[in-house]
Amino acid sequence: MPKASKESAGQVVDAGVMVGRYAELDGYTVGFESYREDADSAPIFVGLPDDRCQCPHWGVVVAGEITFRYADREETYRAGDAYYAPSGHVTRIAAGTELVEFSPTVALAETMAVVSKNLAAAVV
């Protein structure tokens, strides 16, 4: 059975506001994410349908707070909460938040292709 931990996850992404460690587990990507600052994800999803994340996620809030914003509602999860976030969301994440999140690898890669372009354009 495949497994991963924060320490063993092979892909490390330091985006300043957050650091993520990722591993692929049989078609799903597990992410161990820690947020150094408050983060609003809306700008990085511009260019996707409805300018929202198109990848579903399942996760657990280890510390802090995350709010998923949909066209018709908001859902907030705090330390100890498990969540399911269907496609069509943007997020607000509080500084100090730690998440363990599972996403379908193919859908995540498609979304991250647009996110990477937006992040690169923001750096220029």
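About the thresholds
- Residues numbered from 1 in each chain as written.
- Predicted model: local features only at pLDDT ≥ 70, side-chain atom pairs only at ≥ 80, totals over all residues.
- Heavy atoms only, no water.
- Pairing = 2+ DSSP bridges.
- Helix = DSSP H or I, 4+ residues; strand = E, 2+ residues; numbered from the N terminus.
- Axes fitted to C-alpha atoms, helices over the stretch in contact; angles between N-to-C directions.
- 1 Å grid on protein atoms, 1.4 Å probe; cavity = no way out; pocket = protein on both sides within 12 Å on 5 of 7 lines; lining within 4 Å.
- Points joined across faces, edges and corners; volume = space filled by probe spheres on them.
- Nonpolar A, V, L, I, M, F, W, Y, C, P; charged D, E, K, R; others polar.
- Buried < 20%, exposed > 50% of the residue type's maximum accessible area, 1.4 Å probe, protein only.
- Polar contact = N/O pair within 3.5 Å; in protein donor to acceptor, adjacent residues only side chain to side chain.
- Contact = heavy atoms within 4.5 Å.

(A) Highlighting the sheet that holds strand E2 (residues 18-25). Taken together, six strands build an open sheet; the order of strands is E1-E2-E3-E10-E5-E8 and the sheet is antiparallel. At either end of the open sheet lies a strand with only one pairing partner, and these are strand E1 (11-14) and strand E8 (82-85). Looking at each pair of strands side by side, their axes are set apart by 20° on average, direction ignored.

(B) Looking closely at the layout of surface pockets. Taken as a whole, the largest pocket encloses approximately 920 Å³ of empty space. What lines the largest pocket is a set of 38 residues, and nearest its centre among them are Met18, Tyr22, Glu33, Ile44 and Met112. Sorting the residues of the lining of the largest pocket by element identifies E1, E2, strand E3 (28-35), strand E4 (39-40), strand E6 (65-69), strand E9 (90-93), strand E10 (98-104) and helix H1 (105-123) as the ones contributing at least two each. Looking at which element gives the most residues to the lining of the largest pocket, the answer is H1, with eight residues. Tallied by class, the residues present in the lining of the largest pocket amount to 22 nonpolar, 11 polar and five charged.

(C) Seen up close, the sheet that holds E6. Spatially, the four strands line up as an open sheet ordered E4-E9-E6-E7, and their pairing is antiparallel. The open sheet has two free edges, formed respectively by E4 and strand E7 (74-78), since each of these has just one partner strand. Where E6 lies against E9, four bridges are found, and the strand directions are antiparallel. Within the sheet, the bridge partner assigned to arginine 69 lies in E9 and is valine 90.

(D) Summary view of the side chain of threonine 97. The residue threonine 97 is located in the loop between E9 and E10 in this model. On the basis of relative accessible area, threonine 97 is assigned to the buried category, the value being 0%. A distance of 2.9 Å separates the side chain of threonine 97 from the backbone nitrogen of glutamate 65, its partner in a polar contact. Among the polar contacts listed, one links the side chain of threonine 97 to the backbone oxygen of alanine 94, at a separation of 2.7 Å. The contact partners of threonine 97, leaving out residues within four places of it in the chain, are Glu33, Ser34, Tyr35, Ala63, Gly64 and Glu65.

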